[in-house]
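Next come the chains, spelled out residue by residue.
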Amino acid sequence: MLPDLLSAGFALAPVWPALAAVVIAFLLLPGRPSERVVARVTAVAVWLSLASAACGVLLCLSHGPVDYRLGNWYEAAEYSFPLVMLFDGLTAAMSAFVAVIVLTTVKFSVTYLHREPGFVRFFVLTLFFAAGMQLLVLAGSAELLFIGWEFVGISSVLLVAFFHERAMPVQAALRVLVTYRVCDIGLLLGAVGLHHWLGTTVWADVFAGLPQHAGETAGLAVGLALVFAAMGKSAQFPVGGWLPRAMEGPTASSAVFYGSLSVHAGVYLLLRAAPLLEQSLVIRAVLVVVGLVTAVIAALSSQVSADAKSAVAHATASQVGLMFVECGLGLYTLALVHLITHATLRYYQFLRTLSAVQDAMWQQAALGRTDSDEAAARWEEVAPGPRRALYRLALERFAVEPALDRWLTRPIMNLSRALDRLEGGLLALHARTPEAGTGAPLPLMAPDLSPDAPAPVLSPALRPDAGAPEARV
Amino acid sequence: MTFDLLALAIPVLWIVPLVGAFVVQFLIREPTRQRDVAIGVAWVVFFIASGVFLAIGWDSHFVRDDLEAPLFMSLRFHMAVDGLNAMLLPMTAAIALASLLSTPRSDLRGNTAARILAVLGTLLGCFLALDAATLALFWIGSMLPLWQDTRRSNSRPLHLVMTLAIAATALALVAALVLLAQAGAAAGMAAPFDLLALARAGTPLPPVIGWLFLFAALLRMGIFPLHLWLTAAGWRAPGYSAMPALFTSLGSFGLARVVMPLFPRLCEQVSGPLVMIGAVTALYGALLAVGQYDLRRVIAYFWVSQMGLVLTGLATLNAPGVSGALLQAMSSVVEVCGLMLIALEVEARAGTTDMRLLGGLVRRAPRLTTGFLLLSASAVGFPGTISFVAEDLAIQGLLHEHQLAAALLLVVTAINGVTLFKAFKQTFLGPGSQHAKALRSFADLRGWEYRASVALMAALLIGGLVPQPLLAVRAGAVEALQKLEPAAAAAEHHPAAVIADEHEDAPDDDDDDD
C-alpha cells in the first residue's frame, strides 16, 4: 500500500508544473493575469513537485528500485506507447535536485523579473521546462524520455528568445533550435532502433535483454545515436557552439538551463543508458574523446571570453566534458556526484554574474587588479608563439562553428536554392518577374489589366521604388 | 430512426453547399447578404457534419450502406459514412467555415464565397461517395473553382499548370471509369461503378484501372514530381478560396477508399517504390521549404513534405503505418490550413507574405504569434499533439522493412522544425523590418478569428493528449485494409470479395440491397 502511494506521489512530479502552466495559459485567455496570481500558482506547483520528489526519495530509501507501469498511452495493432516510469536512486536524486533548483529559480525570478513585460511568459516556460525535466528524469522508456527532452528543448529555445525585440537573442534561439533538432534525431533514432532491435524501449526490459544481444552492431548504432543526442543537449564538441549564444536569455533562465539542469540532461541520458553504452568499447572511447576535446576547447575559450556569462558557459561545457569522460571510463557514481555539485556551483555563479562583475570593478578600484588578471598572468610563463596561437584559436573557438556552417549548413541551403531555381524554371513563373523564392530580388506582382479587376492594393513596402532590402537569414 | 435522419443528412451535406454556392453567385446581389448566406450555409453544414460524426462516426465499420439509390443510367447515388470519412466531414466543413469567416469583407464577394461553398459541397460529395463515377465527378468538380481562380491570378504559367493538372485528373478518372464500365459489362454487372457491387461481383479488375486511380490520387496529394500545380497555387492563387481546395486529404482518402481495397495486388507490387517516393517527396518538400523567403511558399512546400510522409505511411500496408498515415493526413490538413490562414491574415494586414519585409509582428499581434507557434509545434510533431502520435506510428510501420525511409523521415522532421521556427522568427520576432511604418496599423486576431484559433489549438492538443478515440474511429478501416493482404497473396481469391465479406458483417446490409 505504502509503495503504491509513494509511487503515485512520485509519478505526479511532472504533472504539477504542467498543470500550473495550463492554468496560467487559461488565465491568459481573457487578458493578462496579475504577477501575484502567476507567482502563487507557480509556487504552489513547484512546492507540490518538490513534495512528489520527496516521495521518490522515501520510496527509494524504503523499497529500492520500482518499475512503475501506468498502461499504454495509445495503441494501434501490435504497436503501443507504454507509459512507464523507472524509480531508482538516480531518478530520486535527480528529481529532488531538479525540484529544488526550479523552486529556487521561481523564488528568485519573482523579484528579478518584477514588471518585466514577459513576466507571465517566463513563468509559463519555466513551468513547461520543469515538467519536461521531471518527465525526462522519471521516464522509464526512451520514448517517454524523448517527450521530456523535447519539452526542455522548446522551452529553452523560447527563453533564449525571451528579449524578442532584439535581433541577437532571436538569432541565438534559431541556432539553439537547429542544434537541438539535429541532435534530437539521435535520440529518436536510438528509441526507434531499440524498438527494432530489442522490441521494446522500456529501460528495465532493455537492460534485461542486453545479455542475450551483447556485441551486436545494432547495439553500437543505438548507443552512438544516444551519445549524439547527449552531445547536442550538453553542448559537446563539435555541436556545442550554441551554449555561449544561449546566454541572451534572462539570467535566471541561463542559470537554470545552462548552468544546472538542461545542459546536464545529456549526462543524465548517459547515466540512464549506462548498461547499454558500456557494452561497447567504441562508444566508451567516443565518450572519452568527445569529453576531452570539449574540456580543452571550452576551458581555453572560457579564458578569453570577454563577458562573464560566456566565460561561465564555456567553463560549464568544459566540466560537462569531464563528466562525459567519467561516463566513458565507467565512473558513474563520480559522474552523478560531479553533476549535482557542478550544477549547484554553476547555478550560483550564473545568478551571481551581475553582482560578480560589480565586485570585480570594486576589486579593480581598490587593488588595481582582479582575479582574472592574476589568472591571465599565469599564461606569461608560456612562450609567446604558442601563446599567441592558442589565444587566437581560443578566441575563434577553434573555428568549429565556421567549419560546420561551411560543410553542413551552406551545402543544404545551396541545395535548397538550386532546387528552387529548378522549380522556378519548370514552372516558368519567374519568366517576367524577379524570383521570389530563395533568390534575393523581391517579387513585384504584375498589375491586373482585366477590366473587372479591382485596383491592386500594395503596401508601400511592395511598391517598385521601395527597393530590395538586405536579406536576413 | 437514426437511419432515416442519416438518409436525410447525407444528401443535405453536399447538396446544400452546392445550392448555396448557386444562390450566392447568381441570386443575391448585395455583398453583405452574400457573405451572411455563405457563412450561414457553412455553419449548417458544419453542424450537420458534426452531428453525423457524433451519431455514427464511432461505428468503425469500413464500408456500410447508409444510402443507396439509382440516379441516372449506371450512375448510382450511393453514399455512406464510415470510419474512413466520418472525421473528414466536420473537418472539411470547419475549414471552409474558417475560410469564410476569415476572409476580409472587402474580398468576400459573391465569387469567392460561392467558390468556397462549391469546393465544400464537392469535397463532401467525394468523401461520402461509394460509387466510382460519383466520386470521380465530385473529384474533378472540387478542382474547378481553383482553376477558375487561377484565371484571375495574372500568372499564365500558373493557369497553365492548373489546367494541365485538372486535365490529367479528368483524363485519368474518365479512362478509369470507361475501363470499369467495360469490365462491368463483360461481367454483366448492373452497376459497374458501384464500389460495393464491384466487390460482390468478384470480377478481376484490370490493374491499369488501379494505376489510373493511383495517378489521380498522387497528383491530388502533390507527390513529387506531380506537385508543381499545388505549390504554385499555394503561393499565387487567391488565398482564402484556394485553401480549402488545395489543402485537403482527398488524395490520401482516394488511395484508402479505392486503390488499396480494390487493387491490393497492385499495392503490394508498388509498396516499396511508393514508400521511397513518399520519403523522397518528404525530403524534397522539406529542403525546398527551408530556403524560402515567402511564408505562403514555405507552407506550400511544407504541405508537400507532409504528404510525402502520409504516402510513406500508407504504402507500408501494415497497421501502424496505415493508422499513422490516416491520422497524419487528417492532422496535417488542420495544421497546414491553420498556418495558411495565419499567413493570409498577415497578407491581408501587411499586404505581403515576404518574410524579408516582415518581422517583429509579435508586438502588434501576440495572439497571431502564439497561434503560429502552437500550430508550427503541432505540425512538426511536438509531443502532446496529434502529429506526434501519427509520425510515431508511421515510423514504427516503416521499421520492419524500410529502415532507410524511416531514417529519412526523421531527418525530414528535423528540417521541418527548423523551417517553421525560422519562418516564425523572421515573421514575428526580431526588431521589426525597415518597413515597420507600413505595419503600424497591423491588428491582432479579433472576434471570430481568435475564437476559431483557440478552438483549433484545443482540438489539436486534446486530440494529441488523448489520441486513442481518434485511432479507434479508424481502427475498423485499418483492420479491413489489413485483411486485404492475405487476399492478395491468394491468387484465387479476388480482393474485392474481402470488402463484400467485411460488408456482410455490417448491419442494415440486407435492407439496402434492394
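This is a predicted model, so every value here is computed, not measured. Along each chain, numbering runs from 1 in the same order as the chain's sequence is written. Labels follow written order: the first chain is A, the first ligand is 1, and so on. Only residues with pLDDT of 70 or above have their local features reported here, since the model is predicted, and side-chain atom pairs are shown and tallied only from 80 upward, although totals for entire chains, interfaces and linings are computed over all residues.

Visitor: Give me the lowdown on the overall build of chain A, citing residues and values where you can.
Guide: The numbering of helices and of strands both runs from the N terminus, where a helix is a DSSP run of H or I of at least 4 residues and a strand a run of E of at least 2. Helix and strand counts for chain A stand at 19 helices and two strands. Against the compact-globule benchmark of 23 Å for 473 residues, chain A has a radius of gyration of 25 Å, which places it among compact chains. Seen along its three principal axes, the alpha-carbon backbone of chain A occupies a region of about 85 × 70 × 55 Å. The 473 residues of chain A split such that 47% are buried. If you take every contact in chain A between residues at least 6 apart in sequence, the share linking residues at least 24 apart comes to 73%. All radius of gyration figures rest on C-alpha atoms, and the globule criterion is 2.2 Å times the number of residues raised to 0.38. The exposure scheme places C-beta atoms from the backbone and then counts, for each residue, the other C-beta atoms within 10 Å of its own, assigning buried at 20 or more, exposed at 12 or fewer, and partly exposed in between. Placing a C-beta atom from the backbone of each residue, one calls two residues in contact when those atoms lie within 7 Å.

Visitor: Please give an account of the overall build of chain B that cites residues and values.
Guide: Scanning chain B for helices and strands turns up 21 helices and two strands. Burial statistics for chain B: of 514 residues in total, 66% are counted as buried.

Visitor: I'd love a proper account of the environment of arginine 474 of chain B, names of residues and values included.
Guide: All names here are of chain B. When you line up the elements, arginine 474 lands in helix H19 (residues 468-489). Looking at arginine 474, the number of C-beta atoms within 10 Å reads 24, which means it is buried. Spatially, the C-alpha atom of arginine 474 lies 8.6 Å from that of aspartate 82, the residues being 392 residues apart in sequence.

Visitor: Account for the interface of chain B and chain A, with residues named and values stated.
Guide: Facing the 56 residues of chain B at the interface are 54 residues of chain A. At the level of elements, helix H6 (156-187), helix H9 (228-236), helix H12 (264-290), helix H14 (319-350), helix H16 (386-399), helix H17 (403-428) and H19 of chain B are the ones that each hand at least two residues to the side of chain B that touches chain A. At 11 residues, H17 of chain B tops the list of elements feeding residues into the side of chain B that touches chain A. When the residues that make up the side of chain B that touches chain A are grouped by side-chain class, the tally is 33 nonpolar, 15 polar and eight charged. Classes in brief: Ala, Val, Leu, Ile, Met, Phe, Trp, Tyr, Cys and Pro nonpolar; Asp, Glu, Lys and Arg charged; the others, Gly included, polar.

Visitor: Would you mind going over the nonpolar core in detail, with residue names and values included?
Guide: Residue and element names in this part refer to chain B. A set of buried Ala, Val, Leu, Ile, Met, Phe, Trp, Tyr and Cys residues, joined through C-beta atoms within 7 Å, is what we mean by a nonpolar core. Grouped together as the largest cluster of nonpolar side chains are 339 residues, with contacts concentrated most on Ala42 and Leu117. When residues of this core are assigned to their parent elements, the largest contribution, 19 residues, is made by H14. Excluding residues that lie within four positions of it along the chain, leucine 117 makes contacts with Pro17, Gly20, Ala21, Val24, Ala38, Val41 and Ala42.

Visitor: Any chance you could break down the packing of helix H1 (residues 2-11) of chain A against helix H3 (residues 35-63) of chain A for me, citing the residues and the numbers?
Guide: Residue and element names in this part refer to chain A. The axes used here are C-alpha line fits, helices contributing only the stretch in contact, and every angle between their N-to-C directions lies in the interval 0 to 180 degrees. One can describe the packing of H1 onto H3 by two numbers: an axis separation of 7 Å at closest approach and a directional angle of 140°. In this structure, H1 crosses over H3, and the sense of that crossing is left-handed. Here H1 contributes Pro3, Leu6, Ser7, Gly9 and Phe10 to the contact with H3, which in turn contributes Ser52, Cys55, Gly56, Leu58, Leu59 and His63. For any pair of crossing helices, the crossing counts as left-handed if the nearer helix is rotated counterclockwise from the farther one by less than a right angle, and right-handed if it is rotated clockwise.

Visitor: Could you give me a rundown of the confidence of the model for chain A, with the residues and numbers involved?
Guide: All names here are of chain A. Per-residue pLDDT for chain A averages 86, and the proportion of residues at 70 or more is 90%. Each residue carries a pLDDT score, the predictor's confidence in it, ranging from 0 to 100. Within chain A, no element has a lower average pLDDT than helix H17 (residues 371-377), which sits at 76, and none a higher one than helix H12 (residues 265-272), at 96. Low pLDDT (under 50) marks residues 430-437, which in the prediction has 21 contacts with non-local residues, meaning those over four places away or in another chain. For the stretch residues 439-473, pLDDT sits under 50, and the model shows 47 contacts to residues farther than four places along the chain or on other chains.

Visitor: Tell me about the pairing of strand S1 (residues 66-76) of chain A, and name the residues and values.
Guide: Each regular strand carries side chains that alternate between the two faces of the sheet. All names here are of chain A. DSSP calls a pair of strands paired once it identifies at least 2 bridges connecting them. Pairing of S1 with strand S2 (residues 79-87) involves eight bridges; the strand directions are antiparallel. Across the sheet, the residue bridging to arginine 69 is valine 84, located in S2. Counted along the chain from S1 to the antiparallel partner S2, the turn is two residues long, and its residue alanine 77 has a positive phi close to 55°.

Visitor: Account for the confidence of the model for chain B, with residues named and values stated.
Guide: All names here are of chain B. Confidence in the prediction of chain B, expressed as mean pLDDT, is 83, and 85% of residues score 70 or more. Residue range residues 484-514 is modelled with pLDDT below 50. Its contacts to residues more than four positions away, or to other chains, number 50 contacts. Interface confidence in the predicted complex, given as ipTM, is 0.87; pTM for the same model is 0.89.

Visitor: So, unusual backbone geometry: which residues are in play, and what are the values?
Guide: Trans peptide bonds make up the majority, and among non-glycine residues the majority have a negative phi. Residue proline 238 of chain A follows phenylalanine 237 of chain A across a cis peptide bond; omega there is 0°. A cis amide bond, omega 5°, links phenylalanine 224 of chain B with the succeeding residue proline 225 of chain B. At alanine 399 of chain A, a position not held by glycine, the phi torsion is positive, near 55°. Looking at the secondary structure, you find alanine 399 of chain A in the loop between helix H18 (384-395) and helix H19 (400-427). Under the C-beta neighbour-count criterion, alanine 399 of chain A is labelled exposed, with 11 such atoms within 10 Å.

Visitor: Before we move on, can you summarise the environment of threonine 200 of chain A with the specific residues and values?
Guide: All names here are of chain A. Topologically, threonine 200 is positioned in the loop between helix H7 (167-198) and helix H8 (203-209). Classification of threonine 200 as partly exposed rests on a count of 17 C-beta atoms within 10 Å. As for threonine 200 and leucine 58, which are separated by 142 residues in sequence, their C-alpha atoms are 29 Å apart. Residue contacts for threonine 200: discarding those within four places in its chain leaves His195, Asp205 and Val206.

Visitor: Let's hear about helix H5 (residues 132-151) of chain B: which residues, and what values?
Guide: To estimate how far a helix should extend, the number of its residues minus one is multiplied by 1.5 Å. Compared with an ideal rise of 1.5 Å per residue, which puts 20 residues at 28 Å, H5 of chain B spans 29 Å between its outermost C-alpha atoms and is within 8% of the ideal. H5 of chain B sits mainly inside the fold: 14 of its 20 residues count as buried.

Visitor: How would you explain the packing of helix H9 (residues 217-233) of chain A against helix H14 (residues 281-304) of chain A if you had to name every residue and give the values?
Guide: All names here are of chain A. Put simply, H9 and H14 touch, their axes get as near as 10 Å, and they point 20° apart. What the angle tells us is that H9 and H14 run roughly parallel. In the packing of H9 onto H14, the handedness of the crossing is right-handed. For the pair H9 and H14, contact is made by Leu220, Gly223, Leu224, Val227 and Met231 and by Val282, Ile283, Val286, Leu287 and Val290, respectively. Taken together, the residues that form the contact of H9 with H14 break down as nine nonpolar, one polar and no charged. For this classification, under 35 degrees means roughly parallel, over 145 means roughly antiparallel, 65 to 115 means roughly perpendicular, and everything else is oblique.

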